[in-house]
Amino acid sequence: MSSIKINNKYLPCDTKELLPQVIPDQQFKEYNFAMIYNLPQIDDRDRKIRIRINEEIERFRWDEKFINSIGKRFACSIEKIKDCGFSIESFISQVSWRMVIGLGASHPQETSMTLHHIYGIPYIPGSAVKGVTRHWFILKEFDALDLENFEQISCFEKILEEANLDNKDENERDDKFLEEEFKEKFKVGDTVPDNKLYNFLKMQQGTIGLYQNIFGTQNKIGKVIFFDAYPAGRINLKMDVMTPHYPQYYSDGRPPSDWQSPNPVKFLTVEKTSFNFYLSSKDVELLNQSKSYLEEALKKCGIGAKTAIGYGYFH
């Protein structure tokens, strides 16, 4: 196996002093993986960036003691918030196949992966954890309404986000709207909410309140905290390839045509790795409901990129 070569010529002076020109196999785990992964490879001949996500990167292995120490430190930090009256729920879940978070982020190698800015390990940001939980909540509750037109989901989401049910003056609350007023406020573009959504606002205020209490709105702070999810145990990296068949269509806007050569693009994923999920709230019942939604979301929606082809699902 060859070592990873580092082109020091284009690095800042301080970084250049710390990194050698070649990192031997046995020293891989001594370096921050994010530093190695994010370094561009620039060809001195034409000064163009070359793709370097390859088997050299894939075989990087972290010291498991290092991973476990991160997990323990994070768990201890979360335990401290109990002193402020918060309750905590946690669980460990494993990626069923592969997962990649932040695939489309800016990166010199065309494809990216979200890595912790200090530890250099793959992780799932709390914003992504909250986002997929919210997404599943909307899909699940919308499906329960048995609406035939899926375009109504945009109006349904707007009701969950903007319905005013807390006004002390009952006459100012949205559930007191006449049907025409309701349709005017909660339409999205040309999509007008139908009668089932009007009945939903009238009859299922508990669901709206649950959504707003968990996730918050523009005018209301959510009562549940979704923390970053860190790996638990060994991190398994795996190379994959996507092959855009019409590169000129994507890069230059030209019509897709059969004479364009496919352009394979390698990207890195995390495979069959376990992650530790934490949630916290001062409302125990709300916390348990949030945990249930999150567990369902990870199993049925998946998280990250390429969920349509099986990435990002947990079991």
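Refer to the structure above for everything that follows.
Keep in mind the model is a prediction, meaning the values are calculated, not measured. (Residues numbered from 1 in each chain as written. Predicted model: local features only at pLDDT ≥ 70, side-chain atom pairs only at ≥ 80, totals over all residues. Heavy atoms only, no water.)

Q: What is the right way to read the pairing of strand S11 (residues 274-281) from this model?
A: Each regular strand carries side chains that alternate between the two faces of the sheet. The buried count for S11 comes to eight of eight residues, which makes it a mostly enclosed element. What you see with S11 is no split at all: Ser274, Asn276, Tyr278 and Ser280 on one side and Phe275, Phe277, Leu279 and Ser281 on the other are buried throughout. Pairing of strand S5 (residues 87-94) with S11 involves eight bridges; the strand directions are antiparallel. When the sheet's bridge partners are listed, Ser93 is paired in S11 with Phe275. Relative to S11, strand S7 (residues 224-226) runs antiparallel, the two sharing three bridges. Its bridge partner lying in S11, Val224 is registered against Ser281. (Buried < 20%, exposed > 50% of the residue type's maximum accessible area, 1.4 Å probe, protein only. Helix = DSSP H or I, 4+ residues; strand = E, 2+ residues; numbered from the N terminus. Pairing = 2+ DSSP bridges.)

Q: Sorry, what's going on with the nonpolar core here?
A: General note: in soluble globular proteins, nonpolar side chains tend to be found buried as a group. Judged by nonpolar contacts, the single largest core of 73 residues is most densely connected at Phe33, Ile124, Ile159, Phe275, Phe277 and Phe314. When neighbours within four sequence positions are excluded, Ile159 is seen to be in contact with Phe182, Phe186, Leu197, Phe200, Leu201, Ile208 and Gln212. (Core = buried A, V, L, I, M, F, W, Y, C linked by side-chain atoms within 4.5 Å. Contact = heavy atoms within 4.5 Å.)

Q: I keep staring at the sheet that holds strand S10 (residues 265-271) and nothing clicks. Help me out?
A: Hydrogen bonding along the main chain pairs the strands of a sheet, whether they run parallel or antiparallel. Spatially, the three strands line up as an open sheet ordered S6-S10-S9, and their pairing is antiparallel. Edge strands, defined here as strands with exactly one partner in the open sheet, are strand S6 (98-99) and strand S9 (237-242). With two bridges connecting them, S6 and S10 associate as antiparallel partners. What sits directly across from Arg98, in S10, is Glu271.

Q: In this structure, what is going on with the packing of helix H6 (residues 153-162) against helix H9 (residues 205-215)? I would like to understand it.
A: Think of two packed helices as two axes; the pair is described by the angle between the axes and how far apart they sit. Contact geometry of H6 with H9 gives a least axis separation of 8 Å together with a crossing angle of 70°. With respect to each other, H6 and H9 are oriented roughly perpendicular. Crossing handedness for the pair H6 and H9: right-handed. Facing Ile159, Leu160, Glu161 and Glu162 of H6, the residues of H9 in contact are Thr207, Ile208, Tyr211 and Gln212. Considering only residue class, the contact of H6 with H9 consists of four nonpolar, two polar and two charged. (Axes fitted to C-alpha atoms, helices over the stretch in contact; angles between N-to-C directions. Parallel < 35°, antiparallel > 145°, perpendicular 65-115°, else oblique. Left-handed = near helix turned anticlockwise from the far one by under 90°. Nonpolar A, V, L, I, M, F, W, Y, C, P; charged D, E, K, R; others polar.)

Q: Would you explain the pattern of salt bridges in this entry?
A: Side chains that differ in sign of charge can pair as their charged atoms come close. As enumerated under the stated definition, the model contains 12 salt bridges in all. The salt bridge partner of Glu296 is Lys140, with a shortest N-O separation of 3.0 Å. One end of the pair, Glu296, is in helix H11 (residues 284-300); the other, Lys140, is in helix H5 (residues 126-144), and 156 residues separate them in sequence. Through salt bridges with shared partners, one network takes in Arg98, Asp240 and Glu271. (Salt bridge = Lys/Arg side-chain N within 4 Å of Asp/Glu carboxyl O.)

Q: Would you explain helix H8 (residues 195-203) in this entry?
A: Spacing of three or four residues puts side chains on the same side of an α-helix, whose turn is 3.6 residues. Looking at H8, one finds that the buried residues are Leu197, Tyr198, Phe200 and Leu201. Each buried residue of H8 lies within a common arc of 155° when the element is viewed along its axis, so the set occupies one face. Tucked into the core, H8 has its buried residues touching H6, helix H7 (179-186) and H9. One side-chain oxygen of the residue at the start of H8 lies 3.2 Å from the amide nitrogen of Lys196, identifying that residue as Asp194. (Arc of directions from axis to C-beta. Polar contact = N/O pair within 3.5 Å; in protein donor to acceptor, adjacent residues only side chain to side chain.)

Q: It is not clear to me how the environment of Thr307 should be interpreted in this structure. Could you clarify?
A: Structurally, Thr307 is set in the segment after H11. Spatially, the C-alpha atoms of Thr307 and Met99 are 8.4 Å apart, while their sequence positions differ by 208 residues.

Q: Sorry if this is basic, but what is going on with unusual backbone geometry here?
A: Phi at Asp146 is positive, roughly 60°, even though this residue is not glycine. Among the secondary structure elements, Asp146 is positioned in the loop between H5 and H6.

Q: Help me out: how do you make sense of empty space enclosed by the protein in this one?
A: Summary: where empty space remains is shown by rolling a probe the size of a single water molecule over the atoms. Counting across every chain of the model gives one cavity of 30 Å³ or more. Reported here for the largest cavity is a volume of approximately 30 Å³. Taken together, Met99, Ile101, Met113, Thr114, Pro122, Tyr123, Val270 and Phe275 form the lining of the largest cavity. Here the residues of the lining of the largest cavity are counted per class, giving seven nonpolar, one polar and no charged. (1 Å grid on protein atoms, 1.4 Å probe; cavity = no way out; pocket = protein on both sides within 12 Å on 5 of 7 lines; lining within 4 Å. Points joined across faces, edges and corners; volume = space filled by probe spheres on them.)

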